[in-house]
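# Architecture and fold: a report
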Amino acid sequence: MKPKVIVIGSGMGSLAASAILCSKGWKVTLLEQGKVAGGCSSSFEREGFIFESGATTLVGLDAGMPLDYVLKETGIKLNARLLETPMRIFLKDGSELIRYRELDKWISEAERVFGLPGQESFWRECYQISQFVWDTSLKQISFPPSNFSDLVDCALNATVVQLKNAGKALISTEKLLIKHGLHTNIKFREFVDEQLIITAQNSANEVNALFGATALCYTNFGNYYLDGGLITMINKITDYLKINGSEIIYNSEVIKIDKGFNYFIQTAEKTYQTKNLISGIPINNLYDLLNKKSTKDQTAPYSTIQKGRSSAQKLEAKLLLSKKLSGAFTMGLVINGKPNNKEILHHQIVLSKPITGLNSKSIFISFSHPNDSVRTRDGKTIANVSTHVHDPEKNTFENKDQVMNDIIDLLINKGFFRKEQILYSHATTPKGWENWTKRKYGFVGGYPQFMKIKPWQMQNARLEKGLYLVGDSVYPGQGIPGVTLSGIIAANKLIADNK
């Protein structure tokens, strides 16, 4: 019989790892501090309408991508709508562009808006790089290596194409712009930086070309929509776990982790013991749980705690303070009727001037699908709005209502809807996000990418034999596909360690 695994948190990384383990016969106990699963890839209900918790775009269902891999391994089926047009963008100078899925069509649009020189060669190289990244990601699931077995596996799966493209990790996306003569195109450079902040949490000078090209081309892969919201996918996965003998315990916040011969995971109600632990919470949070001093507990033999370098100390070099991270100011709206441009669900507005109280340069808005009768009813539309807040611990938003009203005015001025169409609205600050998700500082989107951190220096999915990490602070950027990939990697490393 396979040993059991404890998983902390039920975000997409945790669920992906749990589902892969279940497909191999393992039993998982998943501890979730909230009332529903999914974390930042979930949905919640208010006033009878369903709003997205965090992520609003769904990528990764194309053949060979991480989410497709999980679905095939488990047999889970999703009835997803492919969006023909992924996104529209309002630029600072008032011009607009459409992010078409078809590469040739997108190149023509980019040339129309930003000028002809360099656009075609830049986007064709970015697309080639992004294809390589997704093609390689599931062939190198031992990367980055942390032991000899990982190194052997990486070597056995290495190809000439991988070696040829590895150098892209050593140059910045800005170097790619310079190569194609686009670094002096200010309008284009601003566009690139605002696209990267959505997916890589940083700008072109700090995001390496492998991640940057992939981030910039996410609209050139399948972007999907799920009726009922992302919770539809989460429910499919949690149902699979339960059917296969695993369990999810809600309202079960972990308050401390001790390490002896096993791991002892303490909640307010119970202390769990396991040989294999997967953490789906951010590294900052996990560090705090591991770093708390032990107290006597009859259920855990703390006298067996190992000496030497602690699990927490192994994370210290990877921790980031609030000033290096981004939180989010998020809003939910119910609109009476359909918004203009209803055929496009996702929009980014690059701000010509900052909104008072915000330190971000763009706003992102996503609408419910006009044919989705689960999230909404009676011809109404749901809108999720978000914008980055840099250094979230420092920004307390005493003017929350004013920020919300200014954003609504902006959306009205852009022609999405009229003021009298708004039936309901709510807003959440980074502090509210922290209170709800327990993510330290209320940060979102994962750790930013930095050029000084090479791909092989990213936090390994195996902190040590027996303790594995998933989530957006392990595999930063690339949204749901990246987080799902972190779960696949962790599950495979755990399985390899128990052979």
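Refer to the preceding data block for the structure.
Predicted, not measured: the structure shown is a model, and the values here were computed from it. (Residues numbered from 1 in each chain as written. Predicted model: local features only at pLDDT ≥ 70, side-chain atom pairs only at ≥ 80, totals over all residues. Heavy atoms only, no water.)

## Examining the overall build of the chain
Within the chain one finds 14 helices and 21 strands. By the compact-globule yardstick of 23 Å for 499 residues, the chain fits well, its C-alpha radius of gyration being 22 Å. Each principal axis of the C-alpha atoms in the chain carries an extent, and together these give about 65 × 55 × 45 Å. Per-residue burial over the chain gives 59% buried out of 499 residues. Relative to all contacts within the chain whose residues are 6 or more apart in sequence, the contacts with residues 24 or more apart total 72%. Element-wise, carbon and sulfur atoms account for 51% of the exposed surface of the chain, whose accessible area totals about 20,800 Å². Of the side-chain charges in the chain, 60 are positive and 47 negative, and the distance between the mean point of each set is 5 Å. (Helix = DSSP H or I, 4+ residues; strand = E, 2+ residues; numbered from the N terminus. Rg over C-alpha atoms; globule rule 2.2 N^0.38 Å. Buried < 20%, exposed > 50% of the residue type's maximum accessible area, 1.4 Å probe, protein only. Contact = heavy atoms within 4.5 Å. Areas by Shrake-Rupley, 256 points an atom, 1.4 Å probe, with all protein chains shown as cover. Lys, Arg positive; Asp, Glu negative; His and termini not counted. Charge placed at Lys NZ, Arg CZ, Asp CG, Glu CD.)

## Brief notes about the packing of aromatic side chains
Each aromatic ring pair is described using two quantities: the centre-to-centre distance and the angle formed by the ring planes. Scanning the entire structure with this criterion turns up 17 aromatic pairs. Between F122 and F188, the aromatic rings sit 5.6 Å apart at their centres with planes inclined by 90°, giving edge-to-face as the arrangement. Linking F122 in helix 4 (residues 119–137) with F188 in helix 8 (residues 186–199), this pair joins segments that are 66 residues apart in sequence. Ring pairs connect the aromatic residues W106, F114, F122, W123, F188 and F191, which therefore count as one cluster. Across from the ring centre of F443, 4.5 Å away, lies the NZ or CZ of R439, which sits over that ring. Positioned over the ring face of F450 is K452, at 6.0 Å from the centre of the ring. (Phe/Tyr/Trp six-rings, centres within 6.5 Å; stacked < 30°, edge-to-face > 60°. Lys NZ or Arg CZ within 6 Å of the ring centre and 35° of its normal.)

## Examining the side chain of T437
Structurally, T437 can be placed in helix 13 (residues 430–437). Among the polar contacts listed, one links the side chain of T437 to the backbone oxygen of W433, at a separation of 2.8 Å. For T437, the side chain forms a polar contact with the main-chain nitrogen of R439, separated by 3.2 Å. (Polar contact = N/O pair within 3.5 Å; in protein donor to acceptor, adjacent residues only side chain to side chain.)

## Some thoughts on the environment of A63
For A63, the position within the fold is in the loop between strand 5 (58–59) and helix 2 (66–74). Put simply, A63 and W134 are 71 residues apart on the chain and 9.9 Å apart in space, counted from C-alpha to C-alpha.

## With respect to a nonpolar patch on the surface
A contiguous nonpolar surface patch, about 450 Å² in accessible area, is contributed by F148, L151, V152 and L156. By the element assignment, L156 lies in helix 5 (residues 148–156). (Patch = residues over 30% accessible without salt bridge, like charges linked within 9 Å, V, L, I, M, F, W, Y side chains within 5 Å. Salt bridge = Lys/Arg side-chain N within 4 Å of Asp/Glu carboxyl O.)

Read these as geometric descriptors, not functional statements.
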